[in-house]
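A structural walkthrough
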Amino acid sequence: MRTLVLGGTRFLSRQIARQARDRGHEVVCAARGLSGEPPPGVELVRVDRSEDGGLAPLEGTFDLVIDVARHPSVLRRAVAELAGRAGHWTFVSSCSVYSDTGEANQALHEPLPADADENDPENYGPAKVACERIAGDGALLVRAGLIVGPEDQSDRFTYWVDRLARGGPVLAPGSPDELVQLVDVRDLAAWTIEAAEKGLAGPYDAISMPFSRGDLLAEIAEGLEVRPELIWAGQDFLLAHKVEPWMGPRSLPLWLPLPEYAGFMTRDTSATLVAGLRIRPVADTARDTLAWQRASGHTVSRSGLTAAEESELVRMFEAEGHGSLR
Ligand SMILES: NC(=O)c1ccc[n+]([C@@H]2O[C@H](COP(=O)([O-])OP(=O)(O)OC[C@H]3O[C@@H](n4cnc5c(N)ncnc54)[C@H](OP(=O)(O)O)[C@@H]3O)[C@@H](O)[C@H]2O)c1
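A quick note: this is a predicted structure, and the numbers were derived from the prediction, not measured.

Here the focus is the site of the ligand. Around the ligand lies a shell of 28 residues, among which T9, S13, L34, S35 and Y124 are the nearest. Contact between the ligand and R10: an oxygen atom at 3.3 Å from a side-chain N or O atom of the residue. Contact distances for the ligand include 2.9 Å between an oxygen atom and a side-chain N or O atom of K128. Within the complex, the protein chains bury 87% of what would otherwise be the 910 Å² of accessible surface of the ligand. Of all the secondary-structure elements, those providing two or more residues to the shell around the ligand are α1 (11–22), β5 (86–94) and α3 (124–135). The residue inventory of the shell around the ligand, partitioned by class, reads 11 nonpolar, 10 polar and seven charged.

What follows is the structure, encoded as C-alpha cells:
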C-alpha cells in the first residue's frame, strides 16, 4: 500500500508516518522539512503547499492520502493537484469544528468564507469545517480532541507530568470531578491508519470518553510512581488571580471555565471506540511522556505556571482561608 502523508515532520503526522511504515506501507511524506525530520525509513518529498503547483514534485499514485492541513486553500489545492492519483482521503480535523462549547452537541461552525483570514487563530474551527467540506463525503474526517504524549510541544499534558514529577504542593484547577478528554498521539495515529485502510468515511470524534480531572492527576501520579499533594483551587480563585485556562503562560492546562466550556471535553465518543479506537491508560502516556521529556531535554515552557507563580498562588490561596481544601 502506498501512503502519502501530507505533513510527517512533526508530532501527529510524524507518528502516522512512523506507524504506517511499521504496518508495511510504502510511505511518502510531503512537507517543507522546516518542522523537523520525518521518521527513518520513509521518503520525504520537499514541497511548499502555500503556492499553486506546490505538490508538483510528488510522483505516482497513492492508495491512501492523510492530510493534517489547517487552511482550506491548502487542502483545496491538494485535492485538485492529486486528482485521479489519490485513493482514500483522510483529513485530520478537530473537535473545534463544533460551534457551541457550552454543551456537547453536533452543531458546526459555518465554514470559513474563502476571503477570510486563514491564519487568524480565531478562525481555526471554521477553517476546519471548510476543510471537511473540501475533503468531501468519501473522506474519513478525524475530529481529534486534545492530543498528548511524547513529542507534544504544546505542554498542556506535559505540564502536569513535569509538575507531578517535580514534587511539592501542586495547585490543581477547578474541582476533581470536572471532566476532561484526551488521546495519546500513538493511539490516534494507530486508529487513523487502520480506519483509512478499512476505507471508513465520515466524521468521527477521535478522543477518549470523558473522565474526571481527579482521575487524570491520579493516573499521571500512578504512571510516575509519585504521591502528589494536590491543592484544588476553584475557578473563582483562579479567575480572580488571572490564571489563564487551557494553555499558554500563567495557565493551568486542561482547565476550562464552566459553564462556558461545559461541552468542550464531554463528548460521547463511543461510536469511535466501537469503530476501533483503542485508548491506553493515562498512566502509560504519562510514563512515556516523562521518558521522552528527559531523553530529549524538552523544557516545559509553553503552558503552565512557573514555580514562582505557583508558590505565590498557593500562598495567596491559604492566606485567603482556603487551606481546608488541601
Ligand atoms: N494538538 C492537538 O491537541 C490537536 C487537537 C485537535 C486537532 N489537531 C489537529 O491535528 C493535526 C496535528 O498535526 P501535526 O501534529 O502533524 O502538526 P501540524 O503542526 O499540524 O503539522 C503540519 C505539517 O504540515 C507541514 N507543513 C506546514 N506548512 C507547510 C507548507 N507550506 N508546505 C508543506 N508542508 C507544510 C509541516 O511540515 P514542515 O513545517 O516541515 O513543512 C508539518 O509536517 C492538525 O491537523 C491539527 O489541526 C491537533
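Taken in spatial order, the seven strands of this open sheet run β3-β2-β1-β4-β5-β6-β11, and their pairing is parallel. Strands with a single pairing partner mark the edges of an open sheet, and in this sheet they are β3 (43–46) and β11 (202–206). On average, each strand axis in the sheet is tilted by 20° relative to the strand beside it, whichever way the strands run. Of the pairings in the sheet, the one linking strand β4 (residues 62–67) to β5 comprises five bridges and is parallel in character. If you follow D67 over to β5, its bridge partner there is F91.

Calculation rules
Residues numbered from 1 in each chain as written. Predicted model: local features only at pLDDT ≥ 70, side-chain atom pairs only at ≥ 80, totals over all residues. Heavy atoms only, no water. Near = heavy atom within 4 Å. Polar contact = N/O pair within 3.5 Å; in protein donor to acceptor, adjacent residues only side chain to side chain. Areas by Shrake-Rupley, 256 points an atom, 1.4 Å probe, with all protein chains shown as cover. Helix = DSSP H or I, 4+ residues; strand = E, 2+ residues; numbered from the N terminus. Nonpolar A, V, L, I, M, F, W, Y, C, P; charged D, E, K, R; others polar. Pairing = 2+ DSSP bridges. Axes fitted to C-alpha atoms, helices over the stretch in contact; angles between N-to-C directions.

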